[in-house]
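Each chain, letter by letter, is given below.
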Amino acid sequence: MRYVLQRLAQGLLVLLGVTTIVFALTFVAGDPVATLAPLEATPDERAAFARNMGLDRPIPVQYVDFLTHAARGDFGMSYSSHEPAMGEVLERLPATILLTTAAVLFALVVSVPLGLLAAMNHDSWIDVVARLFAFLGQSIPVFLLGVVLIIVFGVDLHWLPSSGTGSWQHLVMPAVAVGSFSAAVLARLLRSSLLEVLSQEYIRTAYAKGLRGRVVVVRHALRNAALPFITMLGLQVGFLLSGAVVAETIFAYPGVGRLAVQAISRKDVPVIQSFVMVAALIVIVANLFVDLVYTRIDPRIRLG
Amino acid sequence: MKRRWTSRARAVPGYVGLVVLLLLIAAAVFADLLAPNAGTQLLLERLDPPTWASGAHGYLFGSDNLGRDISLRMIQGARVSLTVGFVGVMMSGGIGITLGLIAGYLGHGWDRVIMRVADVQQAIPVLVLAVAVAAILRPSIVNLIAVLALTTWFTFARVVRAEVLGIREMLYVESARVVGANARRIIVRHILPNAAASIIVIATLQVGNLILFEASLSFLGVGVPVTTPTWGRMVFDGLDYVSTAWWIALFPGIAVTITVFATNLVGDWLRDRLDPRQREP
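Residues numbered from 1 in each chain as written. Chains lettered and ligands numbered in written order. Predicted model: local features only at pLDDT ≥ 70, side-chain atom pairs only at ≥ 80, totals over all residues.

## Observations concerning the overall build of chain A
Using the following cut-off: Strands are runs of DSSP state E lasting at least 2 residues, helices are runs of H or I lasting at least 4, and numbering of each runs from the N terminus. A pair of residues counts as a contact when their C-beta atoms, built from backbone coordinates, are separated by no more than 7 Å.
Tallying secondary structure elements over chain A gives 13 helices and zero strands in all. Written out in order from the N terminus, the α and β elements of chain A read α-α-α-α-α-α-α-α-α-α-α-α-α. Its C-alpha atoms put chain A at 85 × 55 × 30 Å along the principal axes. Here the contacts in chain A between residues at least 6 apart in sequence split such that 70% fall between residues at least 24 apart.

## Some details on the confidence of the model for chain A
Filter applied, for reference: pLDDT is a per-residue confidence score from the predictor, ranging from 0 to 100.
Confidence in the prediction of chain A, expressed as mean pLDDT, is 85, and 96% of residues score 70 or more. Within chain A, helix 13 (residues 299-303) of chain A has the poorest average pLDDT of any element, 63, and helix 5 (residues 85-120) of chain A the best, 92.

## Regarding the interface of chain B and chain A
Let me state the cut-off plainly: Three categories are distinguished: nonpolar for Ala, Val, Leu, Ile, Met, Phe, Trp, Tyr, Cys and Pro, charged for Asp, Glu, Lys and Arg, and polar for the others, with Gly belonging to the last.
Across the contact, 39 residues belong to chain B and 43 residues belong to chain A. Tallied by class, the residues present in the side of chain B that touches chain A amount to 30 nonpolar, six polar and three charged.

## Regarding the nonpolar core
Note on soluble globular proteins: their nonpolar side chains tend to be buried together. Applied cut-off: Note on definitions: a nonpolar core is a set of buried residues drawn from Ala, Val, Leu, Ile, Met, Phe, Trp, Tyr and Cys, linked by C-beta atoms within 7 Å. Working definition of burial: number of other C-beta atoms within 10 Å of the residue's own, with buried at 20 or more, exposed at 12 or fewer, and partly exposed in between, all C-beta atoms being placed from the backbone.
Grouped together as the largest cluster of nonpolar side chains are 178 residues, with contacts concentrated most on Ala260(A), Ile272(A), Val276(A), Ala279(A), Val128(B), Ala130(B) and Val131(B). Top contributing element to this core by residue count: helix 8 (residues 168-198) of chain A, with 18 residues. Residues in contact with Val276(A), not counting those within four places in the same chain, are Val22(A), Ile124(B), Val128(B), Leu129(B) and Ala132(B).

## Comments concerning the packing of helix 4 (residues 108-123) of chain B against helix 6 (residues 141-168) of chain B
All names here are of chain B. Filter applied, for reference: Whenever a helix is involved, its axis is fitted only over the stretch in contact; in every case the axis is a line through C-alpha atoms, and angles between N-to-C directions fall within 0 to 180 degrees. Working rule for angles: under 35 degrees goes down as roughly parallel, over 145 as roughly antiparallel, 65 to 115 as roughly perpendicular, anything else as oblique. Each crossing is labelled by how the near helix is turned from the far one, with a counterclockwise turn of less than a right angle marking it left-handed and a clockwise turn marking it right-handed.
The interhelical angle for the contact between helix 4 and helix 6, taken along N-to-C directions, is 130°, at an axis separation of 9 Å. With respect to helix 6, the element helix 4 is oriented oblique. Every pair of crossing elements has a handedness; the one defined by helix 4 and helix 6 is left-handed. Packed against helix 4, whose contacting residues are Ile-114, Ala-118, Gln-121 and Gln-122, the element helix 6 presents Thr-151, Phe-154, Ala-157 and Arg-158 at the interface. When grouped by side-chain class, the residues that make up the contact of helix 4 with helix 6 number four nonpolar, three polar and one charged.

## As for unusual backbone geometry
A positive phi angle is found at Ala252(A), which is not glycine, with a value near 45°. Position of Ala252(A) relative to the elements: it lies in the loop between helix 10 (213-250) and helix 11 (256-265). In this structure Ala252(A) comes out as partly exposed when scored by C-beta crowding, with 14 C-beta atoms within 10 Å. Positioned with a positive phi, His108(B) is a non-glycine residue whose angle comes to about 50°. Among the structural elements, His108(B) can be located in helix 4.

## Considerations on the packing of helix 5 of chain A against helix 8 of chain A
All names here are of chain A. The contact between helix 5 and helix 8 brings their axes to 6 Å, and the two run at 35°. The element helix 5 and its partner helix 8 pack so that their crossing is right-handed. Here the residues of the contact of helix 5 with helix 8 sort into 24 nonpolar, five polar and one charged.

## Describing the confidence of the model for chain B
Do not read the fine detail of predicted coordinates wherever pLDDT is low. Residue and element names in this part refer to chain B. Within chain B, residue pLDDT values average 85, and 96% of them lie at 70 or more. Mean pLDDT across the secondary structure elements of chain B bottoms out at helix 1 (residues 2-29), with 79, and peaks at helix 3 (residues 70-106), with 92. Here the predicted complex carries an ipTM of 0.86, next to a pTM of 0.88.

Okay, here's the thing in structure tokens:
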């Protein structure tokens, strides 16, 4: 329990740091008024804008003000829709969560069998092919995979819709494009951690007891290889969100990533800030979740 | 005998990656000689398929919607990608290695502050933060490199810190301290050389990652001015034509993949050679 509370406190500290970075975003370009004011504003309008937004106050005052508003989820109004920016992001969030969840499922369905097969047939041609696939998956950018999928399954074969949302078919290509990188990383990790576990003494003992190969791998090796695998899965959340930004643009999928990319062309800073906030929050929560799972699986952490 | 053969066989992909990478670097360096007319628009020859796919005008990878030669623009794109990849890693590494050394060697408060900042940055997906910053800054290659360096330094910092923590306790460092070597001498003469192997491996793999980030940012239209030929932007421009002129988006995307693949092969090979503890079985 103390461990969990410690992690929770750490997560909150990180969240405070993220909020600070998000606040600092408006100062990256030097003058926040130039960043935040509408592009077509006259000098007089700019001065009025600065006064209205409180940008003429000292920075520490602005920071405290930003934090108090942020704590209530208030990141200002979107410039284009004049609705609360955070509300706009949260409205699109379920679509992105659906996409990344589908991508995680794809990554798991591919990486677990691939890693297992490669480890159980170490140094055979199966292993070589699996490693090649994993390497390729780590090198293909999301946008190329998206383009290839559209050309093959959308344009040529007409099996799947190339853009939009509405049915599970719309989800297939974006999820594969987003999940492939993680599938490759996870397969490589599972393979090498399985190989490491399989060379341990207690595995030899299990074989010596007369247990069959499959039982040894599933009951003993897989369980021990699960810990690094779950850690890596947690670390993938950031990559999945990054991938979703690109995939949502290719497949015209109405999630937060597409919203953010549209916000960029309009320099809609409150929406961009809300987006960074939400993405970081998801990563933090995912890592907390991984820590919790850890304590359940590994008694050394729970008791130590 | 067998062992020697396997170690040679393991090196082959690394050599292949190295040759591909050197060719790409050559293409980038001599881009203006190889592709001086990359910007030429021949509107009568627009959307021409590659020669080997029944193209009429002799373009190796076809022409785009403005009648520009895609293969020539790809050579120009190599310049942007490799510059951002290599210079970006130098800057990211410079920041990360310095902070990693400080955190690992000085420890205490320094360590806590630097590692907490790394935690915070790690919580924000690199592409998300880079998109946000690049969107606010004026698009330019210099800004893009700075953004990528400031969003990826923690990878170096973590590795270097871990190395320093191990090396610092070694007997030879202790002896150096006893005979009166100061911190600077210990870091330069003892710690850096021993951490070099992991740094080189990480740096190589990070070149590939940064090229991926650059391509993704260019694809999204942030970072590099949209008129500069970049592989990522070329793929984006080709998206509108993907159902009829698939070659516009496909080949620049393949160029990114080959480049990153080659860097990963080299990185993996270097890890085998330099850092055998981390080697994949």
